[in-house]
Amino acid sequence: IDDGGRVGIGTTSPTVPFNVVAGGTDAALFESTESGANGVQVSLRSTSSSPADNDVLAVLDFSGRDDGNNNTTYAQIRSHSRDVSNGSEDGDITFHTRHDGTFDERVRINQAGNVGIGTTHIEAPLSVFRDVAASASFNLDNNTMMLRNSGTNSTANRTSLYFRTHAADNKL
């Protein structure tokens with residue numbers, strides 16, 4: 001424990017309130033001897049005195065060094081409070097990755113349990129979008145499958161739907 005009240009395990013210079021430094025791949029283990037079926041729980045809790053809609057509540061950060069020796073975040077999982085109104089609280093979880101040097105949200109599971117891949121505008125239980133010149137988005141809902149082309153290139157501004165059978169692809 002340093003003069004600032006920070007705890008260091010494997011380090012004499014902790015930089016955060018609880019700092020663990022390990023020389024091997026196993027840095028921490030949380031084990032429960034509970035005989036029930038619930039398993040061990042690790043909680044990340046935000047106890048802000050002024051909670052607000054759209055707050056980031058917790059972040060699980062996956063980072064390491066790049067070949068320039070810079071600390072770099074390669075992926076994150078974040079939880080958000082979308083509505084903090086007592087009795088009607090909503091939250092979601094987002095997944096972020098780094099691609100070609102750009103760090104961005106890639107997947108979102110919203111408060112209704114719907115999944116958006118490549119989009120934050122989730123229109124159905126599964127919404128998939130890829131923002132490139134010749135891309136199409138795919139939405140799957142109860143009785144509807146929508147394929148929408150958002151391409152700007154006139155030669156690529158076509159959308160096709162294929163149904164696969166055991167023998168071949170059939171274009172609709």
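Residues numbered from 1 in each chain as written. Predicted model: local features only at pLDDT ≥ 70, side-chain atom pairs only at ≥ 80, totals over all residues. Heavy atoms only, no water.

**Side note on the overall build of the protein**
For step 1, the next point in the chain: Tallying secondary structure elements over the protein gives zero helices and 12 strands in all.
For step 2, the next point in the chain: Along the protein, helices and strands appear, N-terminal first, in the series β-β-β-β-β-β-β-β-β-β-β-β.
For step 3, the next point in the chain: Counting contacts in the protein only where the partners sit at least 6 residues apart, residues at least 24 apart contribute 11% of the total.
For step 4, the next point in the chain: Just so you have it, the protein exposes about 12,900 Å², and 49% of that area is on carbon and sulfur atoms. (Helix = DSSP H or I, 4+ residues; strand = E, 2+ residues; numbered from the N terminus. Contact = heavy atoms within 4.5 Å. Areas by Shrake-Rupley, 256 points an atom, 1.4 Å probe, with all protein chains shown as cover.)

**Quick word on the pairing of strand β6 (residues 102-109)**
For step 1, the next point in the chain: Bridge analysis of strand β5 (residues 90-99) against β6 gives seven bridges, and the strand direction is antiparallel. Looking at β6, one finds that T94 is bridged to R108.
For step 2, the next point in the chain: Here β5 hands over to β6 after two residues, with D100 in that stretch at a positive phi of 50 degrees.
For step 3, the next point in the chain: Bridge count between β6 and strand β7 (residues 115-117): three bridges; the pairing is antiparallel. Pairing of V107 across the sheet is with I117, part of β7.
For step 4, the next point in the chain: From the end of β6 to the start of β7, which pair antiparallel, there are five residues, and G113 there has a positive phi angle of about 90 degrees. (Pairing = 2+ DSSP bridges.)

**Examining the pattern of salt bridges**
Pairing is possible between side chains of opposite charge, provided their charged atoms come close.
For step 1, the next point in the chain: According to the stated counting rule, one finds four salt bridges in the structure shown.
For step 2, the next point in the chain: The closest approach of N and O atoms between R6 and D2, which form a salt bridge, is 2.8 Å.
For step 3, the next point in the chain: The network of salt bridges with common partners includes R82, D92, E105 and R108. (Salt bridge = Lys/Arg side-chain N within 4 Å of Asp/Glu carboxyl O.)

**With respect to the layout of surface pockets**
For step 1, the next point in the chain: Put simply, the second largest pocket is a space of about 320 Å³.
For step 2, the next point in the chain: Along the walls of the second largest pocket sit F18, N19, V20, V21, A22, A27, A28 and F30, which together make up its complete lining.
For step 3, the next point in the chain: A per-class count over the lining of the second largest pocket returns seven nonpolar, one polar and no charged. (1 Å grid on protein atoms, 1.4 Å probe; cavity = no way out; pocket = protein on both sides within 12 Å on 5 of 7 lines; lining within 4 Å. Points joined across faces, edges and corners; volume = space filled by probe spheres on them. Nonpolar A, V, L, I, M, F, W, Y, C, P; charged D, E, K, R; others polar.)

**Concerning the pairing of strand β4 (residues 71-83)**
For step 1, the next point in the chain: Strand direction decides the pairing type here: strand β3 (residues 55-65) and β4, joined by 10 bridges, are antiparallel. Counted as the bridge partner of F62 is A75 from β4.
For step 2, the next point in the chain: As defined by bridge partners, β4 adjoins β5 across eight bridges and the pair is classed as antiparallel. Among the inter-strand pairings, A75 is bridged to a residue of β5, identified as T97.
For step 3, the next point in the chain: Linkage of β4 to β5, two consecutive antiparallel strands, is achieved through a turn of six residues, within which G87 is found at a positive phi near 95 degrees.

**Quick word on the environment of D90**
For step 1, the next point in the chain: Tracing the backbone shows D90 in strand β5.
For step 2, the next point in the chain: Take D90: its relative accessible area is 31%, and that puts it in the partly exposed class.
For step 3, the next point in the chain: Between the C-alpha atoms of D90 and N110, which are 20 residues apart in sequence, the distance is 8.7 Å.
For step 4, the next point in the chain: In this view, D90 contacts H80, S81, R82, D83 and Q111; residues no more than four positions away in its chain are not counted. (Buried < 20%, exposed > 50% of the residue type's maximum accessible area, 1.4 Å probe, protein only.)

**What to know about the side chain of T94**
For step 1, the next point in the chain: Secondary-structure assignment places T94 in strand β5.
For step 2, the next point in the chain: Classification of T94 as buried rests on a relative accessible area of 0%.
For step 3, the next point in the chain: Reaching out from T94, the side chain makes a polar contact with the side chain of H96 at a distance of 2.8 Å.
For step 4, the next point in the chain: Look past the residues within four positions of T94 in its chain and what remains in contact with it is Q76, I77, R78, H80, E105, V107 and R108. (Polar contact = N/O pair within 3.5 Å; in protein donor to acceptor, adjacent residues only side chain to side chain.)

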